[in-house]
Amino acid sequence: MPELPEVETIAGGLASVACGRTIMEAVVRTPGIVPGTQEALSRRVAGRTVLGVRRRAKLLIMDLAGDLHLVFHLKMTGRVWVTHPAVDPNKHVHVVFLLDNGDRIFFEDQRKFGYCRLFSGSEIEAWPFYAGLGPEPLKIAPQEFAALFSGRTARIKSLLLDQGVLAGIGNIYADESLFRTSIHPRTRASEIPVPRLMELHRNLQAVLREAIDAGGSSFRDYRDAYGQPGQFQERFSVYGRKNQPCERCGTSLDTEKVAGRTSTFCRICQPPPER
DNA sequence: GGGATTGTTTAAAT
DNA sequence: GATTTAAACAATCC
């Protein structure tokens, strides 16, 4: 499940192979996966040079010449990767972009939850989801980070996952950063003192950077731009470790639904708030 | 077959 | 308005 570090890793890999290349053609292999017809998409991207590949929140964005922006959201099982011409797309590859050197970019998604859309510059700015995204966790200063939560009575986990509050955090890095800061996911944001929020800021940035350095986490389906899995899943402290011992105190880890999502935590290291 | 899994939107309830 | 819960979305796994 690609979150910030995974999309960041893909963007870096894609940038190194696609920047400066020109898209020759787009092939839509699954009808309905992109709005409009294959012909319309292909006509708009053909002949466009890839100027850059970047990440915003969990979105992977290829900036094309002519103020066009190819946007991917990978959701749960989506992948974007580059192959040599000899590799045949499997049945879950929904869109193929052919580059001028023969390499091909595959948009693959086993469950078809993800999407691929083409925007002009003004269209992407007017897109409510994009316009409403909160600040990037790796760019925000500690004081500003703490201010995001002031006066908020919602649970900290719910706000960490809220893309309008903070962009790019999903279930993995929410749980990992809360564990590192010894905060129970059900704690109300307003009950967390500012110095503790600043610790959360530091730990969140640290876990994101460590994950990026490790090439992301491949808990299930994630692969980088070259089809390779990441390594950070081997360093999870809590995510997916229900009933395994807490690495700090040895207590068996618990799970609880918070903000509608399974949250894994240590009931000793992260004491639960009053209900 | 029921429940869980992913992120996001939308609707309804509190 | 803020917050919470649930459903819906597609497909798969246990």
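About the criteria used
Residues numbered from 1 in each chain as written. Chains lettered and ligands numbered in written order. Predicted model: local features only at pLDDT ≥ 70, side-chain atom pairs only at ≥ 80, totals over all residues. Heavy atoms only, no water. Helix = DSSP H or I, 4+ residues; strand = E, 2+ residues; numbered from the N terminus. Buried < 20%, exposed > 50% of the residue type's maximum accessible area, 1.4 Å probe, protein only. Pairing = 2+ DSSP bridges. Axes fitted to C-alpha atoms, helices over the stretch in contact; angles between N-to-C directions. Contact = heavy atoms within 4.5 Å. Salt bridge = Lys/Arg side-chain N within 4 Å of Asp/Glu carboxyl O. Phe/Tyr/Trp six-rings, centres within 6.5 Å; stacked < 30°, edge-to-face > 60°. Lys NZ or Arg CZ within 6 Å of the ring centre and 35° of its normal. Near = heavy atom within 4 Å. Polar contact = N/O pair within 3.5 Å; in protein donor to acceptor, adjacent residues only side chain to side chain. Nonpolar A, V, L, I, M, F, W, Y, C, P; charged D, E, K, R; others polar. Parallel < 35°, antiparallel > 145°, perpendicular 65-115°, else oblique. Left-handed = near helix turned anticlockwise from the far one by under 90°.

### Some thoughts on unusual backbone geometry
With a phi close to 55°, A57 is a non-glycine residue in the positive phi region. In this structure, A57 sits in the loop between strand 2 (50–56) and strand 3 (59–64). Classification of A57 as buried rests on a relative accessible area of 1%. Within the chain, K75 stands out as a residue other than glycine whose phi angle is a positive 45°. The topology assignment puts K75 in the loop between strand 4 (68–73) and strand 5 (78–83). Using a relative accessible area of 35% as the deciding quantity, one classes K75 as partly exposed.

### A short note on the sheet that holds strand 7 (residues 104–109)
One open sheet accounts for four strands, arranged 1-6-7-5; its pairing is antiparallel. Pairing within the sheet leaves two strands with one partner each, and these edge strands are strand 1 (23–28) and strand 5. Averaged over all neighbouring strand pairs, the angle between strand axes comes to 15°, with direction disregarded. Alignment of strand 6 (residues 93–99) against strand 7, held across five bridges, turns out to be antiparallel. Opposite V95, over in strand 7, you have F107 as the bridge partner. Running at roughly 25° to strand 5, helix 1 (residues 4–18) makes contact with strand 5, strand 6 and strand 7 of the sheet. The sheet strands contacting helix 2 (residues 38–45) are strand 1 and strand 6, and the helix crosses strand 1 at an angle near 165°.

### A look at the pattern of salt bridges
In total, this model carries twelve salt bridges according to the counting rule given. Here the salt bridges share partners, and the residues they tie into one network are E8, R55, R56 and E136.

### A few points about the side chain of T181
Relative to the assigned elements, T181 resides in the loop between helix 7 (171–180) and helix 8 (194–213). Other than its neighbours up to four places away in sequence, T181 contacts R196, E199, L200 and N203.

### Quick word on the packing of aromatic side chains
Under the counting rule described, the total for this entry stands at nine aromatic pairs. A centroid spacing of 6.4 Å and a plane angle of 10° characterise the contact between W127 and Y130, whose relative ring orientation is stacked. Overall, Y130 belongs to the buried group, its relative accessible area being 13%. Here a set of aromatic residues connected by ring pairs shows up, and it is made of Y115, F119, W127, F129 and Y130. The ring of Y115 carries R117 above its face, with NZ or CZ at 4.1 Å from the centroid.

### Here we look at the side chain of S120
With respect to the helices and strands, S120 occurs in strand 8 (residues 115–120). Relative accessible area serves as the criterion here: at 16%, S120 is assigned to the buried category. Setting aside residues no more than four positions away along its own chain, S120 makes contact with R44, D67, L68 and H69.

### Topic: the protein's contact with DNA strand C
The environment of DNA strand C is made up of Q110, R111, K112, F113, R152, T153, A154, R155 and R188. Taking the atoms of DNA strand C that fall within 4 Å of the protein, sugar and phosphate contribute 58% of them. At 3.5 Å, a side-chain N or O of K112 approaches a phosphate oxygen of DNA strand C. One nitrogen or oxygen atom from the side chain of R152 is found 2.7 Å from a phosphate oxygen belonging to DNA strand C.

### A look at the protein's contact with DNA strand B
What surrounds DNA strand B is a group of 16 residues, the closest being H73, M76, Y239, R261 and T262. For DNA strand B, the fraction of atoms within 4 Å of the protein that belong to sugar or phosphate moieties is 82%. Note that a phosphate oxygen of DNA strand B is positioned 2.9 Å from one of the side-chain N or O atoms of Y239. Grouping the amino acids of the surface near DNA strand B by side-chain chemistry returns five nonpolar, five polar and six charged.

### Points about the packing of helix 7 against helix 8
The N-to-C vectors of helix 7 and helix 8 enclose an angle of 130°; their axes lie 9 Å apart at closest approach. Between helix 7 and helix 8, the angle is such that the two are oblique. Relative to helix 8, the crossing made by helix 7 is right-handed. Taking contact as the criterion, the partners of Y173, E176, S177, L178 and R180 in helix 7 are, on helix 8, L200, N203, L204, A206, V207, L208, E210 and A211. Its residues assigned to classes, the contact of helix 7 with helix 8 shows eight nonpolar, two polar and three charged.

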